[in-house]
Amino acid sequence: VTGQACVFEAQFTWELLQGSMVVKSGNTTASIACPDYGTYTITLGSLPSGSYTIRLYDLSMKDGSVAYETRVPFVVS
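Since the structure is predicted, the reported quantities are computational estimates derived from the model, not experimental observations.

### Some words on the pattern of salt bridges
On inspection of all chains with the given rule, the structure shows 3 salt bridges. Note that Arg 55 and Glu 15 form a salt bridge whose closest N and O atoms lie 3.1 Å from each other. On the criterion of sequence distance, the pair formed by Arg 55 in strand β5 (residues 50-59) and Glu 15 in strand β2 (residues 11-18) is long-range, its members being 40 residues apart. By the burial criterion, Arg 55 is buried, and Glu 15 matches it. Across the pair Glu 69 and Arg 55 runs a salt bridge whose closest N-O atoms are separated by 2.8 Å. In this pair, Glu 69 is assigned in strand β6 (residues 66-76) and Arg 55 in strand β5, connecting sequence segments 14 residues apart. The class of Glu 69 is partly exposed, set by a relative accessible area of 38%. Each of Glu 15, Arg 55, Glu 69 and Arg 71 takes part in a single network of salt bridges with overlapping partners.

### Concerning the layout of surface pockets
It is the rolling of a water-molecule-sized probe over the atoms that shows where space remains empty. A volume near 310 Å³ is recorded for the largest pocket. Lining the largest pocket are 17 residues; nearest its centre among them are Gln 4, Ala 5, Tyr 40, Leu 56 and Thr 70. Counting residues per element, the ones that place at least two in the lining of the largest pocket are β1 (2-5), β5 and β6. For the lining of the largest pocket, the residue count by class is 12 nonpolar, 3 polar and 2 charged. Taken together, Phe 8, Glu 9, Gln 11, Phe 12, Thr 13, Asn 27, Tyr 57, Asp 58, Leu 59 and Met 61 make up the full set of residues lining the second largest pocket. Counting residues per element, the ones that place at least two in the lining of the second largest pocket are β2 and β5. In the lining of the second largest pocket, the residues fall into 5 nonpolar, 3 polar and 2 charged.

### Here we look at the state of the cysteines
Following the criterion strictly, the structure yields 1 disulfide and no others. Linked covalently through their sulfurs, Cys 6 and Cys 34 form a disulfide whose S-S length is 1.7 Å. Linking Cys 6 and Cys 34, the disulfide has an S-S dihedral of approximately 135° and is accordingly described as right-handed. Here Cys 6, found in the loop between β1 and β2, pairs with Cys 34, found in the loop between β3 (21-29) and β4 (38-41); they are 28 residues apart in sequence, far enough to count as distant. Taking relative accessible area as the criterion, Cys 34 reaches 35% and is therefore assigned partly exposed.

Rules behind the numbers
Residues numbered from 1 in each chain as written. Predicted model: local features only at pLDDT ≥ 70, side-chain atom pairs only at ≥ 80, totals over all residues. Heavy atoms only, no water. Salt bridge = Lys/Arg side-chain N within 4 Å of Asp/Glu carboxyl O. Helix = DSSP H or I, 4+ residues; strand = E, 2+ residues; numbered from the N terminus. Buried < 20%, exposed > 50% of the residue type's maximum accessible area, 1.4 Å probe, protein only. 1 Å grid on protein atoms, 1.4 Å probe; cavity = no way out; pocket = protein on both sides within 12 Å on 5 of 7 lines; lining within 4 Å. Points joined across faces, edges and corners; volume = space filled by probe spheres on them. Nonpolar A, V, L, I, M, F, W, Y, C, P; charged D, E, K, R; others polar. Disulfide = S-S within 2.5 Å.

Purely spatial values, then, with no claim about function.
Structure, rendered in structure tokens:
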């Protein structure tokens, strides 16, 4: 998974979902923090065939709630 992110201190959390089940998760760092967009890469490894969603989110430093979230569905065949 590759993309661009504009997040506080360039760090955010990700989850690989299959339905509502978390298959893999972790944290990653973009190449630069906001106000610029940095690039990132997340290596998921080999996945069995099926439908997945990658969830990328940033937690609020104020109260720990989800400040920003993006979900992108994809299929492995």
